[in-house]
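Now for the letters of each chain:
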Amino acid sequence: MKKNWPINNLESVRECPYCDSMSSNMVHSNVEDVSFRVAPGVWNFHQCANCSSLYLNPRPTEDSIHNAYKDYYTHNKQSSLSTLSLLRFRIKNDWLSYHLNCEVAPRLNIPKRIIGFLSLVFNKPLPYWIKLLGKNDKIKGNFLDMGCGSGSSVRLAHQAGWNALGIDIDSRAVQAANNEEIRVIQGDYKTLENYKEYFDYILCSHVLEHVHNPIEFLEKLSNSVASGGVIVLSLPNSTSMLRERFGNNWRGLEAPRHLTIPSQVQLINIMKSLKFDVQSFADSGRDTAIESLRIERRSMKSNIFDILKAWLMNIRPNPDKNTNDFIKLVCTKL
């Protein structure tokens, strides 16, 4: 990590990738890869004065960015999980099987009445994007997970009755998926040119922040969705309340893999300009808060009592969706 990123593999960013404004302020400096500790260099994030989006400047070139993904989590296979993780995975599949009314394998085959009772007691709803998978009990159509990693979402969509496909740029992630007999192909967003108005459901979870040209990416996503189809977007929010709290220790930065992070307001405006109806969902920020506290503890050597105090004082339900930690959008093509 302490090594510098080769200077000939860096490029400057003169304009905001989301609105083309040339006015910005440096808001995070000397950021390191504290999340995975695999990418060298220290990095600076600028915030656009016009739309509040964040972007790395300078940033790795497209030809060199793959060096930031060594030993990345998308290379993991389900078969390599620990015994406890496998047990939790199978119990989760029982829960999904019950709520989606389909066979999500592998699972423990817990009786439906027990799952139903536990669901009633704990009252845990389906994640918003998974709920959409079971919305139509008849024809499900064509599903794409863009940037699918090792393909767990593709497997789930297939088992829920969709004609499911995954696309990922990482050859090792694709190989991990194919080893599990999951239908995933290698490619980037330009691969979408082969699927004009083809997909009824595109999941794009934590991908947009990794691409060099986010507007071009969103346009190609838009062109590949059929009328009435949906794009589900999930990614960090530049105007997150937790970013204000944690600064350089905010989990959402993840330099240098996160190249651009839009504001929720700006991303909604972009999707509306592409002729989508947009619905946003709230996010508690709990998972990011926990990870950010761990990063903060390592970097500042704070003790557990400081962490608990910070959690109690700063991590609370957020009534303003525009300061959500994650942007969670369901965009329906008009």
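This structure is a prediction, so every number in the text was calculated from the model and none was measured.

Conventions we followed
- Residues numbered from 1 in each chain as written.
- Predicted model: local features only at pLDDT ≥ 70, side-chain atom pairs only at ≥ 80, totals over all residues.
- Heavy atoms only, no water.
- Salt bridge = Lys/Arg side-chain N within 4 Å of Asp/Glu carboxyl O.
- Buried < 20%, exposed > 50% of the residue type's maximum accessible area, 1.4 Å probe, protein only.
- Helix = DSSP H or I, 4+ residues; strand = E, 2+ residues; numbered from the N terminus.
- Core = buried A, V, L, I, M, F, W, Y, C linked by side-chain atoms within 4.5 Å.
- Pairing = 2+ DSSP bridges.
- Axes fitted to C-alpha atoms, helices over the stretch in contact; angles between N-to-C directions.
- Contact = heavy atoms within 4.5 Å.

## Quick look at the pattern of salt bridges
As enumerated under the stated definition, the model contains 13 salt bridges in all. As a salt-bridge pair, Glu254 and Arg251 come within 2.8 Å of each other at their nearest N and O atoms. Both residues of the pair, Glu254 and Arg251, count as buried. Residue Arg294 is joined to Glu291 by a salt bridge in which the shortest nitrogen-to-oxygen separation is 2.8 Å. In this pair, Arg294 and Glu291 are both assigned in helix 9 (residues 286-300), 3 residues apart and thus about one turn of the helix distant. We classify Arg294 as partly exposed; its relative accessible area is 49%.

## Here's the deal with the nonpolar core
In terms of nonpolar packing, the biggest core is built from 36 residues, with Phe217, Leu218, Leu221, Leu233 and Met271 touching the most fellow members. Mapped by element, the contributors of at least two residues to this core are strand 6 (142-146), strand 7 (163-168), strand 9 (199-205), helix 6 (214-223), strand 10 (225-236), helix 8 (264-273), strand 12 (276-280) and strand 13 (326-333). By size, the runner-up hydrophobic cluster in this structure holds 29 residues, among which are Leu100, Val104, Tyr128 and Val154.

## Concerning the sheet that holds strand 6
One open sheet accounts for 7 strands, arranged 8-7-6-9-10-13-12; its pairing is mixed. Each of the sheet's edge strands pairs with one partner strand only, and the pair in question is strand 8 (184-186) and strand 12. For this sheet, the mean angle separating the axes of adjacent strands, direction not counted, is 20 degrees. Pairing analysis gives 3 bridges linking strand 6 to strand 9, with the strands arranged parallel. Residue pairing in the sheet places Leu144 in a bridge with Ile202 of strand 9. Each of strand 7 and strand 8 is contacted by helix 5 (residues 171-179), which is oriented at about 155 degrees to strand 8, the strand it contacts most. Across the face of the sheet, helix 6 comes into contact with strand 6, strand 9, strand 10, strand 12 and strand 13 while running at roughly 145 degrees to strand 10.

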